[in-house]
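# Analysis of the macromolecular model
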There are 2 protein chains.
Amino acid sequence: MKRFSDFDLPDIAAVLEGYSRFCADQIAPLSHLGDTEGASFEKGRVKMPEEYVQAYAQFADMGWQALTHPVEYGGMGLPRAVGAAALEMLNAADMSFGLCPLLTDGAIEALLLSGSDEQKATYLEPLIAGRWSGTMNLTEPQAGSDLGRVATRAMRRGDGRYGISGTKIFITYGAHDLTENIVHLVLARTPDAPTGPAGMSLFIVPQKLVEPDGTLGAENAVNCVSIEHKLGVRASPTAVLEFNDATGYLIGDENRGLEYMFVMMNVARFSVGVQGIAISERAYQRALTFARERVQSRPVNSKSGDAAPIIEHPDVRRMLLRMRSLTEGGRAVAAATAGLLDVGRCQDNKEMTALAEFMVPLVKGFCSERAVDVASLGVQVHGGMGFIEETGAAQHYRDARILPIYEGTTAIQANDLLGRKVLRDRGETARRFAILIAETEAKLAGGDAAAQAIGSSLAQARGAFESALDWLLANSRKDADTAYAGSVPFLMLAGTLAAGWSLAKGALAAQAALDAGQNRQFMTQKIATALFFAEHILPECLTEQTRILYGSSSLLDATFPD
Amino acid sequence: MKRFSDFDLPDIAAVLEGYSRFCADQIAPLSHLGDTEGASFEKGRVKMPEEYVQAYAQFADMGWQALTHPVEYGGMGLPRAVGAAALEMLNAADMSFGLCPLLTDGAIEALLLSGSDEQKATYLEPLIAGRWSGTMNLTEPQAGSDLGRVATRAMRRGDGRYGISGTKIFITYGAHDLTENIVHLVLARTPDAPTGPAGMSLFIVPQKLVEPDGTLGAENAVNCVSIEHKLGVRASPTAVLEFNDATGYLIGDENRGLEYMFVMMNVARFSVGVQGIAISERAYQRALTFARERVQSRPVNSKSGDAAPIIEHPDVRRMLLRMRSLTEGGRAVAAATAGLLDVGRCQDNKEMTALAEFMVPLVKGFCSERAVDVASLGVQVHGGMGFIEETGAAQHYRDARILPIYEGTTAIQANDLLGRKVLRDRGETARRFAILIAETEAKLAGGDAAAQAIGSSLAQARGAFESALDWLLANSRKDADTAYAGSVPFLMLAGTLAAGWSLAKGALAAQAALDAGQNRQFMTQKIATALFFAEHILPECLTEQTRILYGSSSLLDATFPD
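Since the model is a prediction, treat every value here as computed from it, not as a measurement.

## Examining the overall build of chain A
Along the backbone of chain A there are 18 helices and 11 strands. Computed over its C-alpha atoms, the radius of gyration of chain A comes to 24 Å, within 12% of the 24 Å expected for a compact globule of 562 residues. Principal-axis analysis of the C-alpha atoms places the extent of chain A at approximately 80 × 60 × 55 Å. Within chain A, the proportion of its 562 residues that are buried is 63%. Once local pairs closer than 6 in sequence are excluded, the contacts in chain A between residues at least 24 apart make up 73%.

## A few points about the interface of chain B and chain A
Each partner contributes to the interface: chain B provides 88 residues, whereas chain A provides 88 residues. Counting each side, the surface lost to burial between chain B and chain A is near 7,700 Å², with a carbon and sulfur contribution of 56%. Here chain B and chain A share four salt bridges between them. One salt bridge in this structure joins Glu-389 of chain B and Arg-234 of chain A, with 4.0 Å as the shortest N-O distance. Applying the counting rule to chain B against chain A returns 54 residue pairs in polar contact (both at pLDDT 80 or more). In terms of residue count, helix H8 (residues 314-347) of chain B provides more of the side of chain B that touches chain A than any other element does, eight residues in total. Looking at the side of chain B that touches chain A residue by residue, the classes come out as 41 nonpolar, 22 polar and 25 charged.

## Topic: the packing of aromatic side chains
Residue and element names in this part refer to chain A. Scanning the entire structure with this criterion turns up 27 aromatic pairs over all chains. With a centroid separation of 4.8 Å and an interplanar angle of 85°, the aromatic rings of Tyr-19 and Trp-64 are classed as edge-to-face. Taken as a pair, Tyr-19 in helix H1 (residues 9-27) and Trp-64 in the loop between helix H3 (50-61) and helix H4 (80-93) lie far apart in primary sequence, 45 residues in all. Assessed through its relative accessible area of 3%, Tyr-19 is described here as buried. Ring centres of Phe-433 and Trp-501 lie 5.7 Å apart, and the angle between their planes is 85°; this geometry places the pair in the edge-to-face category. Here Phe-433 is found in helix H12 (residues 428-445), whereas its partner Trp-501 is found in helix H15 (residues 487-515), with 68 residues between them in sequence. Trp-501 carries the same exposure label as Phe-433, and that label is buried. Aromatic rings pair up to connect Tyr-19, Phe-22, Tyr-52, Tyr-56, Phe-59, Trp-64 and Phe-97 into one cluster.

## Here's the deal with helix H1 (residues 9-27) of chain B
Residues and elements named next belong to chain B. Compared with an ideal rise of 1.5 Å per residue, which puts 19 residues at 27 Å, H1 spans 26 Å between its outermost C-alpha atoms and is within 8% of the ideal. All buried positions along H1 are accounted for by Ile-12, Leu-16, Gly-18, Tyr-19, Phe-22, Cys-23 and Ile-27. Projected down its long axis, H1 carries its buried residues within an arc of 155°, all on one side. Opposite the packed face of H1, turned more than 90 degrees from it, sit the exposed residues Leu-9, Pro-10 and Arg-21. Packing partners of the buried residues in H1 comprise helix H2 (30-37), helix H3 (50-61), helix H4 (80-93) and helix H5 (95-114).

## Observations concerning the packing of H1 of chain A against H3 of chain A
All names here are of chain A. With their axes 11 Å apart at the nearest point, H1 and H3 run at an angle of 170° to one another. On the basis of their axis angle, the class for H1 and H3 is roughly antiparallel. Crossing handedness for the pair H1 and H3: right-handed. Contacts between H1 and H3 involve Tyr-19, Phe-22, Gln-26 and Ile-27 from the first element and Ala-55, Gln-58 and Phe-59 from the second.

## Here's the deal with the side chain of His-382 of chain A
Tracing the backbone shows His-382 of chain A in the loop between helix H9 (350-381) and helix H10 (393-400). Beyond its immediate sequence surroundings of up to four residues, His-382 of chain A is in contact with Arg-286, Ala-287, Phe-290, Thr-391 and Ala-393 of chain A.

## With respect to the pattern of salt bridges
Counted under the stated rule, the structure contains 62 salt bridges over all chains. Put simply, Arg-131 of chain A and Glu-180 of chain A hold a salt bridge, and the shortest N to O gap is 3.9 Å. Placement of Arg-131 of chain A in the loop between helix H6 (117-128) and strand S3 (132-137) and of Glu-180 of chain A in the loop between strand S5 (161-172) and strand S6 (181-188) is noted, with a sequence separation of 49 residues between them. For Arg-131 of chain A, a relative accessible area of 34% translates into the label partly exposed. Put simply, Arg-322, Arg-370, Asp-373 and Glu-540 of chain A together with Glu-544 and Arg-547 of chain B are held in one network by salt bridges that share partners.

## Remarks on a negative patch on the surface
Residues and elements named next belong to chain A. There is a patch of like negative charges on the surface, built from Glu-37, Glu-50, Glu-51 and Asp-177. Tracing the backbone through its elements, the reader meets Glu-51 in helix H3. When its relative accessible area of 32% is taken as the criterion, Glu-51 is described as partly exposed.

## What about the confidence of the model for chain A?
With 100% of its residues at a pLDDT of at least 70, chain A reaches an overall mean of 96. Among the prediction metrics, the complex's ipTM stands at 0.97, with pTM recorded as 0.97.

## Concerning the packing of H4 of chain B against H8 of chain B
Where H4 of chain B meets H8 of chain B, the axes come as close as 7 Å, and the angle between the chain directions of the two elements is 145°. Where H4 of chain B approaches H8 of chain B, its residues Arg-80, Ala-81, Ala-84 and Glu-88 of chain B are matched on the opposing element by Arg-331, Ala-338, Gly-339, Leu-341, Asp-342 and Arg-345 of chain B.

## Observations regarding the environment of Tyr-19 of chain A
Considering only alpha carbons, one finds Tyr-19 of chain A and Leu-67 of chain A, 48 residues apart in sequence, at a separation of 9.9 Å. For Tyr-19 of chain A, the residues in contact, after removing those within four places along its chain, are Phe-59, Trp-64, Leu-67, Ala-86, Met-89 and Leu-90 of chain A.

## Digging into unusual backbone geometry
Although it is not a glycine, Asn-519 of chain A sits at a positive phi angle of roughly 50°. We classify Asn-519 of chain A as partly exposed; its relative accessible area is 49%. Positive phi, normally seen in glycine, also occurs at Asp-348 of chain B, with a value near 50°. Here Asp-348 of chain B lies in the loop between H8 and helix H9 (350-381).

## Quick word on the nonpolar core
Core analysis: the biggest nonpolar cluster contains 284 residues, and Leu-320, Phe-358 and Phe-465 of chain A have the highest contact counts within it. Element by element, the count of residues in this core is highest for helix H7 (residues 257-293) of chain A, at 17 residues. Those residues within four positions of Phe-465 of chain A in sequence are excluded, and the remaining contacts are Phe-358, Ala-430, Phe-433, Ala-434, Phe-490, Leu-493, Ala-494 and Leu-497 of chain A. In this structure, Leu-362, Ala-414, Phe-433 and Phe-490 of chain B belong to the second largest nonpolar core, which totals 93 residues.

## A closer look at the relation of the copies chain B and chain A
Mapping chain B onto chain A leaves a residual RMSD of 0.0 Å; the transformation is a rotation of 180° accompanied by 0.0 Å of translation along its axis. The two molecules are tied by a two-fold rotation axis, judged by turn and shift. Both copies share a contact surface, since 100% of the interface residues of chain B are interface residues in chain A too.

## A look at the side chain of Glu-328 of chain B
Residues and elements named next belong to chain B. One can find Glu-328 in helix H8. Take Glu-328: its relative accessible area is 15%, and that puts it in the buried class. Aside from chain neighbours lying at most four places away, what touches Glu-328 is Leu-503, Lys-526 and Thr-529.

## Regarding the pairing of strand S4 (residues 153-156) of chain A
All names here are of chain A. Two strands pair when backbone bridges link them, and S4 and S5 are joined in this way by four bridges, in the antiparallel orientation. For Arg-156, the partnering residue across the bridge sits in S5 and is Tyr-162. Hairpin remark: S4 followed by S5, antiparallel, with four residues in the connecting loop; positive phi at Gly-158, about 90°.

## Regarding the environment of Ala-239 of chain A
All names here are of chain A. Mapped onto the elements of the fold, Ala-239 is located in strand S11 (residues 238-250). With a relative accessible area of 0%, Ala-239 lands in the buried category. With residues near it in sequence (within four places) discarded, Ala-239 still touches Lys-168, Ile-169, Phe-170, Ile-171, Gly-174, Ala-175, Cys-224, Ser-226 and Ile-227.

## Quick notes on H8 of chain B
For H8 of chain B, spanning 34 residues, the distance from its first C-alpha to its last is 48 Å, which sits close to the expected 50 Å at 1.5 Å a residue. Where H8 of chain B terminates, the next one or two residues include Asp-348 of chain B, which has phi positive at roughly 50°.

What counts, and where the lines are drawn
- Residues numbered from 1 in each chain as written.
- Chains lettered and ligands numbered in written order.
- Predicted model: local features only at pLDDT ≥ 70, side-chain atom pairs only at ≥ 80, totals over all residues.
- Heavy atoms only, no water.
- Helix = DSSP H or I, 4+ residues; strand = E, 2+ residues; numbered from the N terminus.
- Rg over C-alpha atoms; globule rule 2.2 N^0.38 Å.
- Buried < 20%, exposed > 50% of the residue type's maximum accessible area, 1.4 Å probe, protein only.
- Contact = heavy atoms within 4.5 Å.
- Buried area = accessible area lost by both parts, 1.4 Å probe.
- Salt bridge = Lys/Arg side-chain N within 4 Å of Asp/Glu carboxyl O.
- Polar contact = N/O pair within 3.5 Å; in protein donor to acceptor, adjacent residues only side chain to side chain.
- Nonpolar A, V, L, I, M, F, W, Y, C, P; charged D, E, K, R; others polar.
- Phe/Tyr/Trp six-rings, centres within 6.5 Å; stacked < 30°, edge-to-face > 60°.
- Expected span 1.5 Å × (residues − 1).
- Arc of directions from axis to C-beta.
- Axes fitted to C-alpha atoms, helices over the stretch in contact; angles between N-to-C directions.
- Parallel < 35°, antiparallel > 145°, perpendicular 65-115°, else oblique.
- Left-handed = near helix turned anticlockwise from the far one by under 90°.
- Patch = residues over 30% accessible without salt bridge, like charges linked within 9 Å, V, L, I, M, F, W, Y side chains within 5 Å.
- Areas by Shrake-Rupley, 256 points an atom, 1.4 Å probe, with all protein chains shown as cover.
- Lys, Arg positive; Asp, Glu negative; His and termini not counted.
- Charge placed at Lys NZ, Arg CZ, Asp CG, Glu CD.
- pLDDT = per-residue confidence, 0-100.
- Core = buried A, V, L, I, M, F, W, Y, C linked by side-chain atoms within 4.5 Å.
- Least-squares fit on C-alpha atoms with pLDDT ≥ 70 in both.
- Pairing = 2+ DSSP bridges.

Pasting the structure below:
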């Protein structure tokens, strides 16, 4: 891999080490404060807590926005697999903070792939340097999941520029005082555009206009009308933006906006999955610490009458292991997906890229849904203290809840998976995924008792996947509703299987390390996590299979009370 | 049933009708306000929002606290099955409001069973009239699930009274301004009491002392030190109470406090399960309304390009039906349990009472866990709007989270189920439960295709239950940890099975009604709900069985990082 050949492992470890220190020391302490104070809105301006302004300045100064972006625009050019690890740490420290760089990454990606040379020259350097931030302006009151209903207008001004008018809602970091400028990427329609999704164009609408020399000029006609009062991520301002004939610059060609936006959205979807892993990890760490410190009740097996730390009670162990194995399983899938994206792009390997694209909705859908469960278990481990806001467990439960919703709900991910990633190539990529899993099973069969147990659970789960796949391929031709009734169950089946598989590969690697006498405790725990996942979570694949194969008519035929 | 022979169905329907109007008109409108304003604490006093004070006065005036309590103390003497329906409506209207009467019910029950005649004469009438409220003072900072660690002291004063000193936390409605007086029931230890659970006594500690003529005298030495800032049920004040040699009156005998408290706690546990059903129902109603009104995207099967109400999309139907079937399944189990409690008590039928007691931890554990899931799905159905607090869906998600924690966590319910309700009688009651289910399966086998499908899912789930039961009975003798590693999975298995069974009985009744030409739409929907539950939720029993039978060693052997 020529592209990344400048880096060796120690370099990367050093970067991640530094990033991790920054997250732990500068960002993590903001999380509770951000939740309590939140972003505030007054006289059309959004004010971030002062501590966020300072921390963001440090983030930009240290060059952390540049991590995975191209060297020619000031980036560090690291692979996405490294970027995913950094993203997880930042969002584990504070998801509200993490959202600003996350959206900026998406804007950079969209400009890199679809912007003109002039646009790249104007916007990329300050975005990558963290001096400006990016936003994604899709949603309107009548257009949420249904982007075809976008109504914001773009009038040609005759000088190559456009006048953008309309209202956008749910715009993450749509207004704030962390950066000098905000680069809005906005979906809108020209007057003669076709209706529906095929008539949307994508525009750059800078909050402050940029002079030819790159300095900032007049304020554009983009006004923040209000910000939302939300369940979680309260320091991340969610803006309603009004565009009143704001100056916009077309990206690429007219009417191809949705296509360009999808580039940005796919980056963001992967990142949201990683946010899920991040919240899960933070919730797990907090619950583990609490379970070690909190002393309550005599263990059922104990001879003495003494109370013990609750981590000694079987059900607390069950909850902690469920949290840990879902978190590590999600992380393993995300890392594998990022690796496939990196390698697929470098080597122009279509099969690898197709497999990565098959896995992106799993990362988003599975990891975000599981983050809600993991955060909920984190509250439960804390008992009554978990319900008290000061403890912090409740914040994760609130923050996590947006993950299965934004950047495409779980159902949207499932439709993407089933429609675009499975049915379109008649299951070819999905079958390749299953074959790779079978190869891992074969390796596990030659291992010790734990490896064999993992392998046999994995084989059962893969069988469930293949049978669901066959059924969906056969039935989608006859009746789309019948197939799509099983779309989310199929996403969860595939996501669970992918996580179990990735953990199983990790267990094989851990066993090899153990055999070589390396890192005993860590490697033993990796295998234990994979085994727990195999015995407690992989069996859920069979339930999903049952739902898909036998559950469609009870779902479609039921009526609802008037 | 002589005891309830004064009531006929129209009487009961009329009472519930009136109660429902009161809940809808007077209580439901408070819910958002209570969440936003919350209870406030100033200078040692808790102030409820003014609207709660007025609504509570109406609640008391209309005699609603009296519903299920004995006629001789001013109660209406209705069966518990009716009380459960009322409780659900009140808590669906507003759980924060509902908690005050719920705790008062528990105090009444404890006094009825264990109080002296004089205590009954003094406290019952004003409690049942709703003029006074009751509280349950168990938890201390070091004593949560582990009540054996209670340290509050009770010093004999020589005049039959006791001086109570100590700090209690998490006291629901421990301080408020809704009623003239608050009757605290407090667990404490006399100086010479044995250590652990066997040394606890139960005391009545009125907030205002009661004169011999029943009028209120001086304030007792019970001070509210603070109230908690909670994730949900924010209008329900959760107090830290300090007892400084407060005057207390012993209930029953010294050192038998835990036994008396369990009476109160069992009532409260059942009620918390019903709160879960209540929150689920409210979340479902809200999601259903939204899904009918919100127009987004063309249905996958649609010929036209027009967007449709989202209820037409298969995955939205899946979510709504999951919400509905979990809610109705929980309700059916709670109603059956209440019926068994009523009949078991009236007829002094030990088998029925044992079955009811087997089912109480299912009502609490299963319905409360599922309420969290249902409320979470309610947010998901709303998409981005679900994350905005003004919509209301997020409040249910926050409110519901306390349910699997208070009045004994899910693990405590599972230990109660496994230890006291299953292992103690060597599975006798559990087997009776399975036999009753098999009888229902036999009836379903004679029905139409839907009935047969329900019957066959039910048989599979019952098989999973019986195999888990056999395994637990065999293994608990060898190794308690191994058995208790499966306690929560067993609770969820049994709860899911009980709900599927209860819905199946409902489907049989609905089919009989249909055959008699009654209430077509309602009865058809009942059958549809039971079928959905059978095909989408009952299969989860098999996963729980796998966890119990094969998952204990991966759970017990794993270690955690230092």
